[in-house]
Amino acid sequence: MPIFIDRRLNPKDKSLGNRQRFLKRAREELKRSIRDKVREGRIAEVGREHAVPMPHKDTSEPVFSDAGNSGRRQHVLPGNRTYISGDLIPKPGRGGMGSSAPGNKESEDDFRFVLSREEVLDLFFEDLELPDLVKLNLKQILTFKPKRAGFASSGSPTNINVGRTMRNSHGRRIALRRPKQAQLDAIAMQIAILEAQPLDTARRERIAALREEFDRLERRRRRVAYVDPVDIRFNRFDPQPQPNASAVMFCLMDVSGSMGEREKDLAKRFFVLLHLFLTRRYERTDIVFIRHTHEAQEVDEQTFFYHTQSGGTVVSTALEEMHRIIEQRYPAKEWNIYAAQASDGDNFATDSERCIELLGGKLMRLCQYFAYVEIIDERESHIFGSTENGTSLWRAYSTVDGKWPNFQMKRIAAPADIYPVFRELFARQPALRKSA
Amino acid sequence: MGTPARKSELLFSGADWDFKKLSRVYDEIEALGMEELRLDVYPVQMEVISSEQMLDAYSSVGMPLMYQHWSFGKHFLYNELLYRKGRRGLAYELVINSNPCIVYLMEENTMALQALVTAHAALGHNHFFKNNHLFRQWTDAGGILSYLNFAKSYISRCEERHGLAAVEAILDSAHALMDQGVFRYHRPPKPSGEQQREELRERLEYEERSYNDLWRTLPPSQEDDKAETSEDGVSERKKSLHLPEENLLYFLEKTSLILEPWQREIVRIVRVIAQYFYPQRQTQVMNEGCATFVHYTLMNTLFDRGRISEGAMLEILRNHSNVIFQPSFDDPRFSGINPYALGLDMMQDIQRISTEPTAEDRDWFPDIAGRGDWLETLLDAWANHRDESFIRQYLSPTLIRKWRFFVLGDGADQPHYEVASIHNERGYNRIRAALAQSYDLGASRPDIQVVDVALLGDRHLRLQHKVKNGIMLDNESRDATLRHIRNLWGYEVSLVAIDAETGATLSERWTKDC
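Heads up: these notes are all about the structure in this document. (Residues numbered from 1 in each chain as written. Chains lettered and ligands numbered in written order. Predicted model: local features only at pLDDT ≥ 70, side-chain atom pairs only at ≥ 80, totals over all residues. Heavy atoms only, no water.)

## Some details on the packing of helix 13 (residues 248-255) of chain B against helix 24 (residues 475-489) of chain B
All names here are of chain B.
And then number 1: Running from N to C, helix 13 and helix 24 cross one another at 25°; their axes reach a closest spacing of 10 Å. Considered as vectors, helix 13 and helix 24 are oriented roughly parallel to each other. Residues Leu248, Phe251, Leu252 and Thr255 of helix 13 touch helix 24, and the partners they reach there are Ile485, Leu488 and Trp489.
And then number 2: Here the contact of helix 13 with helix 24 is composed, by residue class, of six nonpolar, one polar and no charged. (Axes fitted to C-alpha atoms, helices over the stretch in contact; angles between N-to-C directions. Helix = DSSP H or I, 4+ residues; strand = E, 2+ residues; numbered from the N terminus. Parallel < 35°, antiparallel > 145°, perpendicular 65-115°, else oblique. Contact = heavy atoms within 4.5 Å. Nonpolar A, V, L, I, M, F, W, Y, C, P; charged D, E, K, R; others polar.)

## A short note on the interface of chain A and chain B
And then number 1: Between chain A and chain B, the residue contacts involve 67 residues of the former and 90 residues of the latter.
And then number 2: Interface of chain A and chain B: buried area, both sides summed, is about 7,500 Å²; carbon and sulfur atoms make up 56% of it.
And then number 3: The largest per-residue losses of area from chain A upon contact with chain B belong to Arg21, Phe64 and Lys91 of chain A, which jointly make up 12% of the total buried on that side.
And then number 4: For the interface between chain A and chain B, the tally reads six salt bridges.
And then number 5: A salt bridge links glutamate 107 of chain B to arginine 8 of chain A; its shortest N-O distance comes to 3.3 Å.
And then number 6: In this structure, the connection of chain A to chain B is made through 34 residue pairs in polar contact (both at pLDDT 80 or more). (Buried area = accessible area lost by both parts, 1.4 Å probe. Salt bridge = Lys/Arg side-chain N within 4 Å of Asp/Glu carboxyl O. Polar contact = N/O pair within 3.5 Å; in protein donor to acceptor, adjacent residues only side chain to side chain.)

## Quick look at the packing of aromatic side chains
And then number 1: Within this structure, the stated rule accounts for 25 aromatic pairs over all chains.
And then number 2: With centroids separated by 6.4 Å and ring planes inclined at 70°, the aromatic side chains of phenylalanine 270 of chain A and phenylalanine 271 of chain A adopt a geometry described as edge-to-face.
And then number 3: With centroids separated by 5.1 Å and ring planes inclined at 80°, the aromatic side chains of tyrosine 276 of chain B and phenylalanine 277 of chain B adopt a geometry described as edge-to-face.
And then number 4: You can call phenylalanine 277 of chain B buried: its relative accessible area is 17%.
And then number 5: Between arginine 411 of chain A and the ring centre of tryptophan 394 of chain A, over which it is positioned, the NZ or CZ distance is 3.9 Å.
And then number 6: One residue, lysine 512 of chain B, lies across the ring of tryptophan 510 of chain B, its end atom 4.5 Å from the ring centre. (Phe/Tyr/Trp six-rings, centres within 6.5 Å; stacked < 30°, edge-to-face > 60°. Buried < 20%, exposed > 50% of the residue type's maximum accessible area, 1.4 Å probe, protein only. Lys NZ or Arg CZ within 6 Å of the ring centre and 35° of its normal.)

## What about the pattern of salt bridges?
And then number 1: For the coordinates displayed, the defined rule picks out 39 salt bridges over all chains.
And then number 2: Between arginine 8 of chain A and aspartate 6 of chain A there is a salt bridge; the shortest N-O distance is 2.7 Å.
And then number 3: One salt bridge in this structure joins arginine 371 of chain B and aspartate 373 of chain B, with 3.7 Å as the shortest N-O distance.
And then number 4: With a relative accessible area of 54%, arginine 371 of chain B lands in the exposed category.
And then number 5: On the basis of relative accessibility, which here comes to 28%, the residue aspartate 373 of chain B falls in the partly exposed class.

## Some points on the nonpolar core
Residues and elements named next belong to chain B.
And then number 1: One finds Phe12, Val103, Met299, Leu342, Trp382, Phe405 and Leu435 to be the most contacted residues of the largest nonpolar core, which totals 78 residues.
And then number 2: In terms of residues, this core owes the most to one element, helix 5 (residues 111-131), which gives 12 residues.
And then number 3: Beyond its immediate sequence surroundings of up to four residues, valine 103 is in contact with Val44, Gln45, Met46, Glu47, Leu94, Val95, Val117, Ala121 and Ala122.
And then number 4: One finds Met66, Leu248, Val270 and Ile485 within the second-largest nonpolar core, a separate group that totals 56 residues. (Core = buried A, V, L, I, M, F, W, Y, C linked by side-chain atoms within 4.5 Å.)

## Section: the sheet that holds strand 8 (residues 246-254) of chain A
All names here are of chain A.
And then number 1: What the six strands build is an open sheet, ordered 10-9-8-11-12-13; its pairing is mixed. Two strands close off the open sheet at either side, each with one partner strand: strand 10 (296-299) and strand 13 (407-412). Ignoring strand direction, the axes of neighbouring strands in this sheet form an average angle of 20°.
And then number 2: Two strands pair when backbone bridges link them, and strand 9 (residues 284-292) and strand 10 are joined in this way by four bridges, in the antiparallel orientation. Paired with isoleucine 290 across the two strands is glutamate 298, which belongs to strand 10. (Pairing = 2+ DSSP bridges.)

Structure, rendered in structure tokens:
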């Protein structure tokens, strides 16, 4: 007779701790992988779930093992139907017959994690040195719309829900047995009939009894009200945050020769962050990509970040293009317009003047917000980080900065700068909105 | 023999199981196993678990108690993924070499499967564990669970005291050397009992208290210096350190100069566990073959006696044939030789040779052919062989023809494989030898030994890899593993590759370069 133990109800997830340890260890690799995904992927897809290949560097478990491409060995295999001794079989490419040799090495090649949206964002933001994601959510809700949310026992008379109130009252009347009008009428009728007949003692007593009953019922009717204050129900409304219907985000980027891989990557990360921010805030978010050299054009994301075409620099063309697109497709009444411009700041002095005109004259009135991000060399960051000196565009924009509260400008040099700068840019917004 | 009155009684009907049925079936099968196959087993403890718990058990190398380590989490995720995607089913059972023998049953199994598992694991594996000489000699079935319990709590205490990262570093390094952490030839010290461990712990604590670093840093005297370099000194030193030593973990545990007592103890735990699993790795074919032979024989006997319904028997047979499915080498499903299939076939072949031998069998197996006592032969083989010797002794020409085995010569520098032998008169012996060889862990694992150490010089540890048939180590994993050895040793480590035949040095690798 064996011993039986039913372990099914034991705590599950005995290896949860082990899994967490593994994920912790794999974290660096996962982060790198997410970073690559962000770099290659489309901005709008950053928040999606991602499958990440099994990280290898920190989580491999090396042992001494034979190299496959050396020495002489013998394999014993079953199922020979055609070969005789001395036959030569050409070796297929790697991983063919070679891997079918005896031994049961597990291959973990296609082992992939699927990271949830939150995990992806966590890893994404971690790289940006985000203290905690919640802060992104704080300052976004602008209007509220009341939404029906059940019933309440107190409220203003305009919100009385008649149906629910009457149902309560009906229930209470049944429970407390409130006499009905029909009952009273019936007794009154009986009395009337009796009184119409000649009176004798029996009838008189009967009438007296009926009268008494009539009075009792009427007293009861008065005591048990038809509608009592406890029956009354009010419609309850909950203030629901109302998303501003839609937003469009203009990504403006200078693609002149000086914008290299690093600069574009930084710009992209900034745009990704802005997009995440906007998608949480608005139901619908459009992105418009405008790249410019000495002339500007609207392009798709792929071209925006990866196209190598280059040329001279005329920044104002991008602003003109943006204005044209707003006129055409995004009326400022219906759309919340955001713009982020990334550039290394090189521009002709005359064109910078033109930019100021365009911004001051047209765009700043239309835009909710215009952020200018200047991407500088890491070596420059400690020189220019806090000064107002700098490139031609920076100096020009500084004058706009003073005039328009919804214009902000910052310099970044490394991925770790992006989030702090982003927060600074967008943290001022509530104050700005009041003053605007 | 079942009496006629019992003959028509079914042991169970329907697919549902309950503990009463399980117990009845176990008792019946155990009695039958003793009567028909003269099995001798440890008492059994059956544990019913869910599929998730089976995954848990899988990933902590099948043990119910295991210390925590990230690699188990990695394997859990890997197995879970395969399972979730339906790429791999879960085992129906898991059995642990302990006394009492623990058998895990999955709650999803039908009653017929539970019966099959009972015969397979609770009797077949159990008999093998209890009687095979490797297990008897190298593992302590009575002590393993309490040892693992000790290991688990010891390691978690270390984590509390020294931090997760410090413990993890030692475990990672020790895990990398598990293959080189077993005694192959001489008998290891037995895993210590409860009391010995308590003493050990006290000793370690005493050493920690009374440890004085001053003694270690005393400058060496002149004589020591001389002894270090002279010829006599070298051999003296090697002798005192028991060099060469093939058990790297043992060597590091005993002689590493930088390991603290608790780190030594962790290395020791990993080594003991590696040693515990070593017999299992040497007896895959025999162990699975034995269990499969037992369940096949017992289930058929039960069916013949009318104790199992036809429906249940069909289900059992379907699962049985899945388990012993062996695709040919050119089949996309081929992934090596199925130990269940080979083991079962060889054992049934022994049965056949004993009872209905052909002339060929009489030539090849004069000792057993036609003697009729197949059970005697099998019990003896189960007790005294491992895969390599079992195949070398019992793989018959009949079976080689049935399996259509052939040997493929594979020279790394050749553009072709060469078919060396096929299943014909000339090939039988060579196929048998080659197959047996491939199951010889001692021969197929890289042979790496500690050969010397400069204890009073720069404390440089020298390892030697004897290269057989020109098979070198994979560079990347070699370097990574060497770094792990350096972690445990604390000083420079070098690995010399020596050709086993000519003695020529093929390559040398230092940790400072990798």
